[in-house]
Amino acid sequence: MTDEQPGVNPSGMQYRRCGRSGLQLPAISLGLWQNFGEGRQFDDQRLIIQRAVDLGITHLDVANNYGPPPGAAERTLGRILATDLGGHRDELVVSTKAGYDMWPGPYGDGGSRKYLLASLDQSLTRLGIDYVDIFYSHRFDDTTPLEETMGALDTAVRRGKALYAGVSNYSASQTAEAVRILGDLGTPLLIHQPSYSLVDRWIETDHLLDTLSGEGVGCIVYSPLSQGLLSDRYLETVPEDSRASGRDTLFPEMISPGYRAMVQALQAIAERRGQTTAQMALAWTLRDPRVTSALVGVSSVAQLENNVGSLRATSFDDDELAELDRYTTRA
Ligand SMILES: NC(=O)c1ccc[n+]([C@@H]2O[C@H](COP(=O)([O-])OP(=O)(O)OC[C@H]3O[C@@H](n4cnc5c(N)ncnc54)[C@H](OP(=O)(O)O)[C@@H]3O)[C@@H](O)[C@H]2O)c1
């Protein structure tokens, strides 16, 4: 099942061009949504980021509100950028976002110019850097004219505070409109960041992937492991240190007998492919060349290394795809 991939470096990392831009991203990128706030040991966080960079993961993704508390993940990354990664800024692609609730009052949420540009300045302070590579509108805001939100991204780029503009969680039609507005402003949309996994296929049914490839926009998919559900982590128990043991974004009740039956079926397919369940789930998102990168979160170096191993086999035959569809999509 091992693919010999062109463009694979000695660490096993593969780089893919982001849409029609000049920027390449690693096929696997690291996100700091969870596990990089104040509730975890800084030394563990540092080891994960160091190992990621060693493995060729040149792209690190945060947002203003990642923590806990909000802002903490940017501060963690800022500490590491200033120390271990000091002198390596030009080898890294750092992204951040604004769009969700960040501070009290009417100017700390949504898609206004007021919020986005103030938030980017705050992010740069926490990160301790002069610019981010990608600045995202984190969500579509139907109470703000899209011209204003895209205008703020264009301003961020023109001020040199971001090199590229991105959107996240926009539908296909909202994205097409964003592409048009940004194109008129002269700051092309670089990338979209949607959710995508074996159990979350909205970017196919909404035709977002078609829109992105037609417009030459890259696609970095988040939660490709469905926050850890598409792995063997919950086959026996709900470990105390796992995301599903908390009450924020995954819940113990989600680990039902039906869920476990699905994962057992996936595990059997993965074993035939010589992969872990997580590796197969990641590889599945990357089977489509329109996906530039799969954005993972990890709570350990071992998970990270396991995930990078998925790149050894990212193609699937028709029988495998049909079998995966049978277990992961409803009739
Ligand atoms: N734009 C947006 O709105 C948005 C939303 C969500 C996420 N994101 C971005 O996407 C990134 C990834 O999201 P995510 O954390 O939900 O992604 P994910 O990769 O689907 O889930 C990560 C979790 O899966 C488990 N895991 C990872 N590798 C594993 C392995 N090899 N074996 C077993 N379990 C494994 C870990 O759970 P445990 O912690 O339990 O060990 C880890 O914390 C975020 O950090 C963020 O940058 C963006």
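A. How the structure looks around the environment of N306. Here N306 lies in helix α10 (residues 301-308). Counting along the chain gives 30 residues from N306 to T276, while the straight-line C-alpha distance between them is 8.0 Å. When near neighbours in sequence (up to four residues on either side) are disregarded, N306 contacts T276, A278 and Q279. Polar side-chain contacts of N306 include one of 3.1 Å to the side chain of T276.

B. Here's a closer look at the pattern of salt bridges. This structure, assessed with the given rule, holds 18 salt bridges. Among the ionic pairs, D241 bridges to R233, the shortest N-O distance being 3.1 Å. The exposure class assigned to R233 is partly exposed, which follows from its relative accessible area of 27%.

C. Inspection of the confidence of the model for the protein chain at higher detail. In this model, the protein chain carries an average pLDDT of 95, and 96% of its residues clear a pLDDT of 70 or more. With pLDDT under 50 throughout, residues 1-8 is counted as low confidence; its partners more than four residues away or in other chains account for 20 contacts.

D. The arrangement of the packing of helix α4 (residues 146-158) against helix α5 (residues 172-185) in detail. Viewed as axis vectors pointing N to C, α4 and α5 meet at an angle of 50°, and their least axial separation amounts to 10 Å. Taken together, the axes of α4 and α5 lie oblique to each other. Here α4 and α5 pass one another in a crossing that is right-handed. Across the interface between the two elements, L146, E147, M150, G151, L153, D154 and R158 from α4 touch Q174, E177, A178, R180, I181, L182 and L185 from α5.

E. Here's a closer look at the site of the ligand. The full set close to the ligand counts 31 residues, and D61, S223, R243, S299 and N307 are the nearest of them. Computed on the free molecule, the ligand has an accessible area of 910 Å², of which 95% lies beneath the protein chains in the complex. Secondary structure elements with two or more residues in the shell around the ligand: β10 (293-296) and α10. With 3 residues, the top contributor of residues to the shell around the ligand is α10. Within the shell around the ligand, the residues separate by chemical class into 10 nonpolar, 17 polar and 4 charged.

F. Region of the structure containing the sheet that holds strand β8 (residues 189-193). Pairing in this closed barrel of 8 strands is parallel, and the strands run β3-β4-β5-β6-β7-β8-β9-β10 around the ring. Put simply, the sheet's adjacent strands are angled 30° from each other on average, direction ignored.

G. Main features of α4. For α4, spanning 13 residues, the distance from its first C-alpha to its last is 18 Å, which sits close to the expected 18 Å at 1.5 Å a residue. Within the sequence span of α4, burial applies to L146, T149, M150, G151, A152, L153, D154, T155 and A156. Those residues of α4 that are buried lie in contact with α3 (113-127), β6 (132-137), β7 (162-168) and α5. After α4 finishes, the residue G160 shows a positive phi value of roughly 80°.

Parameters at a glance
- Residues numbered from 1 in each chain as written.
- Predicted model: local features only at pLDDT ≥ 70, side-chain atom pairs only at ≥ 80, totals over all residues.
- Heavy atoms only, no water.
- Helix = DSSP H or I, 4+ residues; strand = E, 2+ residues; numbered from the N terminus.
- Contact = heavy atoms within 4.5 Å.
- Polar contact = N/O pair within 3.5 Å; in protein donor to acceptor, adjacent residues only side chain to side chain.
- Salt bridge = Lys/Arg side-chain N within 4 Å of Asp/Glu carboxyl O.
- Buried < 20%, exposed > 50% of the residue type's maximum accessible area, 1.4 Å probe, protein only.
- pLDDT = per-residue confidence, 0-100.
- Axes fitted to C-alpha atoms, helices over the stretch in contact; angles between N-to-C directions.
- Parallel < 35°, antiparallel > 145°, perpendicular 65-115°, else oblique.
- Left-handed = near helix turned anticlockwise from the far one by under 90°.
- Near = heavy atom within 4 Å.
- Areas by Shrake-Rupley, 256 points an atom, 1.4 Å probe, with all protein chains shown as cover.
- Nonpolar A, V, L, I, M, F, W, Y, C, P; charged D, E, K, R; others polar.
- Pairing = 2+ DSSP bridges.
- Expected span 1.5 Å × (residues − 1).

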